[in-house]
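Breakdown of the fold
This is what each chain is made of:
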Amino acid sequence: GTVYRFIPKRLSVKELAFSNTHLYPTDAQDEVMIDYNSSDAAWYKVVSIAGNNTNVNGKLQSGVNHIDISVLPKGDYFMQLGNKDGATVRKFVKQ
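Residues numbered from 1 in each chain as written. Predicted model: local features only at pLDDT ≥ 70, side-chain atom pairs only at ≥ 80, totals over all residues. Heavy atoms only, no water.

**Structural notes on the overall build of the chain**
Our working definition: The helix and strand labels rest on DSSP assignments: H or I over at least four residues marks a helix, E over at least two residues marks a strand, and numbering proceeds from the N terminus. Partly exposed residues are those whose accessible area sits between 20% and 50% of the maximum for their type, while under 20% is buried and over 50% is exposed, using a 1.4 Å probe and protein chains only. Contact criterion: two residues are considered in contact whenever any of their non-hydrogen atoms come within 4.5 Å of each other.
Looking only at helices and strands, the chain features one helix and eight strands. Counting from the amino terminus, the chain carries its helices and strands in the arrangement α-β-β-β-β-β-β-β-β. Counting over 95 residues, the chain shows a buried share of 33%. Long-range pairs, those at least 24 residues apart, make up 56% of the contacts in the chain with a sequence separation of at least 6.

**Notes on the pairing of strand β5 (residues 53-60)**
What counts here: Paired strands, in this sense, are two strands between which DSSP finds at least two bridges.
The pairing of strand β4 (residues 42-48) with β5 spans five bridges and is antiparallel. Within β5, the position partnered with Trp43 by the bridge is Lys59. Count of turn residues in the β4/β5 antiparallel hairpin: four residues, of which Gly51 carries a positive phi of about 95°.

**As for the sheet that holds strand β3 (residues 31-36)**
Our working rule: Only C-alpha atoms enter the line fits that serve as axes; for helices the fit covers just the stretch in contact. Angles between N-to-C directions range over 0 to 180 degrees.
Spatially, β1-β3-β6 is the arrangement adopted by the three strands of the open sheet, whose pairing is antiparallel. Two strands lie at the open edges of the sheet, namely β1 (22-24) and β6 (63-68), each paired on one side alone. In this sheet, adjacent strand axes meet at a mean angle of 20° when their direction is disregarded.

**Some thoughts on the packing of aromatic side chains**
As a reminder of what qualifies: Working definition: a ring pair exists when centres of Phe, Tyr or Trp rings (six-membered ring for Trp) sit within 6.5 Å. Plane angles under 30 degrees give stacked, over 60 give edge-to-face, the rest tilted.
In total, this model carries two aromatic pairs according to the counting rule given. Between Tyr77 and Phe92, the aromatic rings sit 5.7 Å apart at their centres with planes inclined by 20°, giving stacked as the arrangement. Note that Tyr77 is positioned in strand β7 (residues 75-83) and Phe92 in strand β8 (residues 86-94), a separation of 15 residues in sequence.

Here it is, written out as structure tokens:
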């Protein structure tokens, strides 16, 4: 028979910078939370699925950050997260 070998993907530095960072809930109405587990200075920015800036942005603190998304229309969005080590993107839906 056929033998398959799976090689684990190595994480880049930018992915490692946010490997323990969680955004929830992914389907939200007025607020999303970002659990940021680092003492490094970091930022967040919400952009629409089309890449348009939403003016929802700010600095992340270590621990759970409550982000107000009540001003956003319903739709799909990307949460861009960044710090000195890199950046990543998480997707969420505003209901």
